[in-house]
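A closer look at the structure
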Amino acid sequence: MPTDELLIRQMPHSPEAEQAVLGSMLIDADCVKDVMDKLQPEDFYLRRNREIFETIYSMFVYSKPIDGVTVAGEMERNGTYDENTTRNYLVQLMEVTPTSANVNEYADIVRDKALLRAIATVASDITGMVQDGTGGASAVPDAAEQKIYAVRRGCGAQQMEQKSSVPQGCPF
């Protein structure tokens, strides 16, 4: 594979699915609980989307009303509001979302892409272990197996310890 192609490649993500999940939550607060059961902030690849999700998550935890206006206000209070872009982006999210009825499918796409990114991270870690000679040939397969198992359990890359132990407290 040419070097240029490697530099252009991005980690798996779906901006459309991320936007549809957020738009669904903004236009229909009744679907927020379903999304919270499926997704974590780190499942969102795009920083702006992750910040909006974190804001909605926080508002949900404290039983605050959730819609475009209240989310914008909360983002202003928590310092993630950009005067030039945030309000327009929130409006755009609500406009591009055809319906909240498919929010579970949108969330599944976001989660699938997050799992693919976690697998890519694990593959990179395993490659690094091989290249560094960490633990020798007998230890690498065990560490690799534990890392893959952690991903299968639903743990994100941030939750996996650098050591070969399986992380505790994963959601699945």
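What you are looking at is a predicted structure, and each value in this text was computed from that prediction instead of being measured.

**Quick look at the pattern of salt bridges**
This structure, assessed with the given rule, holds seven salt bridges. Residue Asp37 pairs with Lys33 through a salt bridge whose shortest N-O separation is 2.9 Å. Within this pair, Asp37 and its partner Lys33 are both found in helix H3 (residues 32–38), separated by four residues, close to a single helical turn. Between Asp43 and Arg111 there is a salt bridge, and its shortest N-O distance comes to 2.9 Å. Taken together, the positions of Asp43 in the loop between H3 and helix H4 (47–61) and Arg111 in helix H7 (residues 103–132) put the pair 68 residues apart, joining distant regions of the chain. Arg111 carries the same exposure label as Asp43, and that label is buried.

**Section: the packing of aromatic side chains**
Summed over all chains, the structure comprises two aromatic pairs. A ring pair is formed by Phe53 and Tyr57, whose centres lie 6.3 Å apart and whose planes are at 35 degrees; its orientation type is tilted. One end of the pair is Phe53 and the other is Tyr57, both in helix H4 and four residues apart, which spans about a single turn. Taken together, the ring pairs in this structure connect Phe44, Phe53 and Tyr57 into an aromatic cluster. The ring of Tyr89 carries Arg48 above its face, with NZ or CZ at 3.9 Å from the centroid.

**Observations concerning the environment of Met36**
Mapped onto the fold, Met36 is located in helix H3. C-alpha of Met36 to C-alpha of Val61: the two residues are 25 residues apart in sequence and 9.8 Å apart in space. Look past the residues within four positions of Met36 in its chain and what remains in contact with it is Met25, Phe53, Ile56, Tyr57 and Phe60.

**Digging into the environment of Ala143**
With respect to the element layout, Ala143 can be found in helix H8 (residues 136–152). C-alpha separation for the pair Ala143 and Asp125, spaced 18 residues apart in sequence, amounts to 9.8 Å.

**Re the nonpolar core**
One finds Val21, Met25, Ile52, Ile56 and Val71 to be the most contacted residues of the largest nonpolar core, which totals 28 residues. Among the secondary structure elements, those contributing two or more residues to this core are helix H2 (15–27), H3, H4, helix H5 (68–78), helix H6 (86–96) and H7. The element that contributes the greatest number of residues to this core is H2, accounting for six residues. For Ile52, the contacting residues outside a window of four places in its chain are Leu22, Val71, Met75, Tyr89, Leu90 and Leu93. In terms of nonpolar packing, the next biggest core, distinct from the first, is built from eight residues, Ala118, Val122, Ile126 and Val151 among them.

**Looking at H8**
Over its 17 residues, H8 extends 25 Å from the first C-alpha to the last, a length consistent with the 24 Å expected when each residue adds 1.5 Å. Taken as a whole, H8 has its buried residues at Val140, Ala143, Ala144, Lys147, Ala150 and Val151. Burial along H8 is one-sided: seen end-on, the buried residues are contained in an arc of 120 degrees. Of the residues in H8, the exposed ones pointing more than 90 degrees away from the buried face are Ser138, Glu145 and Arg152. Along its buried surface, H8 packs onto H7. The first or second residue beyond H8 is Gly154, which carries a positive phi of 100 degrees.

Rules used in this analysis
- The written sequence of each chain sets the order in which its residues are numbered from 1.
- Confidence filtering applies because this is a predicted model: local features only for residues at pLDDT of at least 70, side-chain atom pairs given and counted only at 80 or more, and all residues used for totals across whole chains, interfaces and linings.
- Heavy atoms from the whole structure form the basis of all side-chain values; hydrogens and water molecules are not counted.
- One side-chain nitrogen of Lys or Arg within 4 Å of one carboxyl oxygen of Asp or Glu is enough to make a salt bridge.
- Helix and strand assignments come from DSSP, with helices taken as H or I runs of at least 4 residues and strands as E runs of at least 2, each series counted from the N terminus.
- Only protein chains enter the accessibility calculation, which uses a 1.4 Å probe; a residue is then buried when its area is under 20% of its type maximum, exposed when over 50%, and partly exposed in between.
- Think of it this way: a Phe, Tyr or Trp ring, Trp meaning its six-membered ring, pairs with another when their centres are within 6.5 Å, and the plane angle makes it stacked under 30 degrees, edge-to-face over 60, tilted otherwise.
- By definition, being over a ring means that NZ of Lys or CZ of Arg is both within 6 Å of the ring centre and within 35 degrees of the ring normal.
- Note on contacts: a residue pair qualifies if any of its non-hydrogen atoms lie within 4.5 Å across the two residues.
- Nonpolar cores were defined as sets of buried Ala, Val, Leu, Ile, Met, Phe, Trp, Tyr and Cys residues, with membership established by side-chain atoms within 4.5 Å.
- Multiplying 1.5 Å by the helix residue count minus one yields the expected span of that helix.
- Along the arc lie the directions from the helix axis toward the C-beta atoms.

This is a description of form; function is not addressed.
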